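Here is how the chains run, residue by residue.
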Amino acid sequence: MNRCQEPGQGEEQEEVTGMVCQEADLKDGQMKEVTVGDQTVLLVRTQGQYSAVGSQCSHYNAPLVKGVLVGDRVRCPFHGACFNVRTGDIEEYPGLDCLPSYKVKVEDGKVYVSIHKNSLKLTKRVKEMCSRVPDIKHTILLVGGGPASLICAETLRQNCYQGRIVMVTKDTLPPYDKPKLSKALDLDSSHILLRTSDFYQQHGVEVWTQKEVVSVNPADKAVKLSDGSLQRYDQLLIATGCSARPLDCPGRDLKGVKLLQRYEDAKEIHNSGLGRKAVVIGSSFIGMEVASYLSNKAASVAVIGTSRYPYERSLGPEIGKMSLHMLEEQNVKFYMNDGVTEIQGEDGKVKGVVLKSGRVLEADVVIAGIGVIPNSDFLAGSELEVDSRKAVIVDKFMRTNVPDVFSAGDVTSFPLTIRGDQRVNVGHWQMSHAQGRVAALNMLKKPTRCESVPFFWTVLLGKSIRYTGYGEGYTEIIFKGKVEERKFLAFYIKDEVVVAAASLMFDPAVARLAELMATGQIITKAQAHGRNQSLADLGNLPQFLYRSRSP
């Protein structure tokens, strides 16, 4: 992975310059890929001015030219990250790094882009950070080792915080790319780490792995660790995420019954599923991704779900039925409208799964994906407010009800801007990044609200379903394209407006909708239904929201 800082001011470095197009080739609001030396560059024209930045999203290297350009920022078509096209800075997540930016000159009607020779191979840029000053005793403690804590730490250093930063995580690894666990269970740990150990050392971030905070005492500004030690803080971030909900049926403790929570769990599921009979309990995102992964590795795969179709509550029956058929074509068996009464074993090992319908499924390994529970039990007695689901209650500044205690990520219940500040708990990777940044800025007394639009994706058999918005309580779905052909855009309607969208093979429609929502635009049910209206009739809803591009 290539990362670099911008060349220092005053440095004399040789440049490679290329004439990339005629000035008239691009109109305002357009972008194209051009080549300078061996580097592919994204050339953009906004408000009559040209700018040039790296062409690949810093998250998973998606081509940004296939994304959405609104004003001065481009949104990735795949997972929704946004970058300022003038500076290259990342403005919305997921991902950590910025894009390199390049000098542009227009002369005699021709556009030239210049790149420093030592930057020709670099596709990402780490934003400049300070490091710790030992004499500064102020300490910020980050509880949890996910993206919220990592982005919080990096944002603090990017904004000249020079005190002590301590991150405490139960995991054996420092922050890693957790969404990959259910999509590719056999990844080497070195391939999923978000930052190297050298990075934390360079920027003065202490990462304590395999340590757990068991209680918080806000009055003394201290936490107690599982080893009995105390750690004091000046400001505290609660970013402990959620845990996989355990089964509550007889046999749940048998060897071979798995939950996917940690990197080690993914490895165990992979190893125990190879050539064996696998049963997946739960037909939502984790369960379906695990079933997809095992479909060509296990001897057999069965999925048990309580609804008619997978994802029925979140994505609707049409998409659920399509997803079921996709996996059935890979010989995955589904047992829907059913449940588990018992897991049978022999000699302490799982042998079978007894369904409510009376059927018994043979099983060598059982994987449960039946939801999550916020990790907040350790806050008991701390006076921090939690909701009925045990999620930590925060405001738009990620502040809890206790001074100097903030919370971010999956563990939070927060006001969602696009739903009129309705309090929600959203377990999205992207939202955890955004909230970590907001928490850091408010710790530094730089008032910043969390205004991000939820965005997530799930992968089945190499095909990605993308989703943006917040669809809970939707009453209708309007489809463009055909679900049965596995190429569609779905609008979720509530109170006559679009509250969310999902797509398959219809990029960059969901990214476009996310950007419209982020700018406060409301799309009505009538607009979602429309086919041939002009842009003016659509209220700035561009026609190419309906146009499919890349897989």
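The protein goes by Apoptosis inducing factor mitochondria associated 4 in an unreviewed UniProt entry, where it is assigned to Cyclopterus lumpus. Per UniProt, the protein has the following entry under Sequence similarities (unreviewed entry): "Belongs to the FAD-dependent oxidoreductase family."

A.B. asks: What's the story with the environment of E328 in this structure? I'm lost.
C.D. replies: Relative to the helices and strands, E328 resides in helix 5 (residues 317-328). Take E328: its relative accessible area is 37%, and that puts it in the partly exposed class. E328 sits 36 residues away from S292 along the chain, and the two C-alpha atoms are 9.9 Å apart.

A.B. asks: Looking at this model, I keep getting lost on the state of the cysteines. Mind explaining?
C.D. replies: Counted by the stated rule, this structure contains zero disulfides. Residue C76 stays outside any disulfide, its sulfur separated by 3.9 Å from that of C57, the closest cysteine. Owing to a relative accessible area of 2%, C76 belongs among the buried residues under this scheme.

A.B. asks: Sorry if this is basic, but what is going on with the sheet that holds strand 19 (residues 257-259) here?
C.D. replies: Sheets are built from strands that pair by backbone hydrogen bonding, the pairs being arranged parallel or antiparallel. Ordered by their spatial adjacency, five strands build an open sheet running 19-26-20-21-22, and the pairing between neighbours is parallel. Each edge of the open sheet is held by one strand with a lone partner, namely strand 19 and strand 22 (332-335). Mean inter-strand twist for the sheet, computed between neighbouring axes without regard to direction, equals 20 degrees. Together, strand 20 (277-281), strand 21 (300-304), strand 22 and strand 26 (365-368) form the strand contacts of helix 4 (residues 285-294), whose direction differs from that of strand 20 by roughly 165 degrees.

A.B. asks: What should I look at first to understand the UniProt feature "domain: Rieske" (unreviewed entry) in the protein in this one?
C.D. replies: Look at the UniProt record and you will see "domain: Rieske" (unreviewed entry) annotated at residues 18-113. Strand forms 51% of residues 18-113 and helix 0%; the C-alpha atoms that close the span are 6 Å apart.

A.B. asks: Sorry if this is basic, but what is going on with the confidence of the model for the protein here?
C.D. replies: Predicted coordinates in areas of low pLDDT are best not read in detail. Chain-level statistics for the protein give a pLDDT mean of 93 and a share of 94% at 70 or above. The model gives residues 1-12 a pLDDT under 50, and that stretch makes 23 contacts with residues more than four places away or in other chains. Within the model, pLDDT remains below 50 along residues 546-551, and this stretch shows 29 contacts once partners closer than five positions in the same chain are excluded.

Here is what the cut-offs are and how they apply
- For every chain, the first residue of the written sequence is number 1, and numbering continues from 1 along that sequence.
- Per-residue local features are limited, in this predicted model, to residues with pLDDT of at least 70; the limit for side-chain atom pairs, both in listing and counting, is 80 or more; totals at the level of whole chains, interfaces and linings are taken over all residues.
- The side-chain numbers reported here are obtained from all heavy atoms of the structure, hydrogens and water having been left aside.
- UniProt positions are given in the numbering used here, feature names are shortened, and annotations may be inferred rather than shown by experiment.
- Strands are runs of DSSP state E lasting at least 2 residues, helices are runs of H or I lasting at least 4, and numbering of each runs from the N terminus.
- Relative accessibility under 20% of the residue-type maximum defines a buried residue, over 50% an exposed one, and the middle range a partly exposed one, all with a 1.4 Å probe and only protein chains included.
- Whenever a pair of cysteine sulfur atoms sits within 2.5 Å, that pair is classed as a disulfide.
- At least two DSSP bridges between two strands are required for those strands to pair.
- Axes here refer to lines fitted to C-alpha atoms; in helices the fit is confined to the stretch in contact. Angles between the N-to-C directions go from 0 to 180 degrees.
- Note on definitions: a residue-residue contact is assigned when non-hydrogen atoms from the two residues lie within 4.5 Å.
- Known as pLDDT, the predictor's confidence for each residue is given on a scale from 0 to 100.

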